[in-house]
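Residues per chain, in single letters:
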Amino acid sequence: MQQDLQNTIALLSRTPKALDALLRDLPEGWISRNEGENTWNAFDVIGHLIHGERTDWMPRARMVLQFGESKTFVPFDRWAQARESEGKSLPQLLDEFARLRAENMEELRAMNLRPEDFERRGRHPALGVVTLAQLLATWAAHDLTHLHQLSRIMAHQYREAVGPWSAYLGVLQCNGHSS
């Protein structure tokens with residue numbers, strides 16, 4: 001699929017509701033358990049998504065449009081959620097994510113991007129030159145990655161309980177994909 005802003009916005013706009021439907025009001029065990037040492041739980045994932053809404057996607061899109069390749073994106077802190085989510089509840093995080101995402105979608109629509117804008121280039125600190133189209137497509141794929149991750153984290157809680165059926169459950173065979 002090539003970059004299509006309306007398709008991207010359609011997906012990105014649905015993520016907060018999907019997360020809310022999956023996670024809100026679940027017992028604490030679903031929220032706080034992870035897949036093992038040095039892995040995230042649902043609370044961490046939502047905090048990470050919030051941090052991205054604040055510091056990654058739209059700030060980088062603005063940088064591409066304003067500075068092109070002349071200014072390198074600020075490196076993304078993949079662990080910032082630990083300090084930023086401290087003292088908050090999961091419902092607070094879900095509400096904050098929904099608010100930030102709605103604001104970002106409004107700003108993205110207001111940019112009135114033209115087809116030629118998607119080929120504009122920025123500079124990623126690790127990847128080098130990237131296009132606005134790649135950034136926006138990555139934003140959508142990033143959401144899907146974390147929805148996949150959440151289903152994997154939650155299924156992991158039943159890893160032993162399902163017994164021999166684990167052989168038929170692909171989500172229990174997946175070991176994650178993050179570097």
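Every residue gets a number counted from 1 within its own chain, in the order that chain's sequence is written. Local features in a predicted model are, by the rule used here, given only for residues with pLDDT of at least 70; side-chain atom pairs are given and counted only at 80 or more, and totals for whole chains, interfaces and linings are based on all residues. For the side-chain quantities, the full set of heavy atoms in the structure was used; hydrogens and water were omitted.

(A) The arrangement of a nonpolar patch on the surface in detail. Together, W165, Y168 and L169 give the surface a local cluster of nonpolar side chains, amounting to about 420 Å² of exposed area. Comment: elements are numbered from the N terminus, with helices defined as DSSP H or I runs of at least four residues and strands as E runs of at least two. Relative to the elements of secondary structure, W165 occurs in the loop between α7 (132-156) and α8 (170-173). For patch detection, residues must exceed 30% relative accessible area and be free of salt bridges, and they are connected within 9 Å for like charges or within 5 Å for nonpolar side chains (Val, Leu, Ile, Met, Phe, Trp, Tyr). Surface accessibility in these figures is a Shrake-Rupley result with a 1.4 Å probe; residues are shielded only by whichever protein chains are displayed. Each reported salt bridge corresponds to a side-chain nitrogen of Lys or Arg within 4 Å of a carboxyl oxygen of Asp or Glu.

(B) Inspection of the pattern of salt bridges at higher detail. For the structure on display, the rule yields 17 salt bridges. Note that D95 is salt-bridged to R24, the shortest N-O span being 2.5 Å. Taken as a pair, D95 in helix α6 (residues 90-110) and R24 in the loop between α1 (5-23) and α2 (28-32) lie far apart in primary sequence, 71 residues in all. Only protein chains enter the accessibility calculation, which uses a 1.4 Å probe. A residue is then buried if its area is under 20% of the maximum for its type, exposed if over 50%, and partly exposed in between. Of the residues examined, D95 reaches a relative accessible area of 46% and is grouped as partly exposed.

(C) Region of the structure containing α1. Look at α1: 28 Å from first C-alpha to last across 19 residues, which is about the 27 Å you get at 1.5 Å a residue. In this scheme, the bend at a residue equals the angle between the axes fitted to the seven residues that finish there and the seven that begin there. The largest bend along α1 reaches roughly 30° and is located at T15, with the proline P16 sitting one to four residues downstream. For α1, every residue scored as buried is listed here: L5, T8, I9, L12, T15, P16, L19 and L23. Residue contacts are counted whenever heavy atoms from the two residues lie within 4.5 Å of one another. Contacts made by the buried residues of α1 are with α2, α3 (42-55), α6 and α7. For this analysis, a polar contact is any N or O atom pair within 3.5 Å, provided that within protein one partner can donate a hydrogen and the other can accept it, and provided that sequence-adjacent residues contribute only side-chain to side-chain pairs. Regarding α1, its N-cap is D4, as a side-chain oxygen of that residue lies 3.0 Å from the backbone nitrogen of Q6 further along. Where α1 terminates, the next one or two residues include D25, which has phi positive at roughly 70°. Residue count minus one, scaled by 1.5 Å, sets the expected span of a helix.

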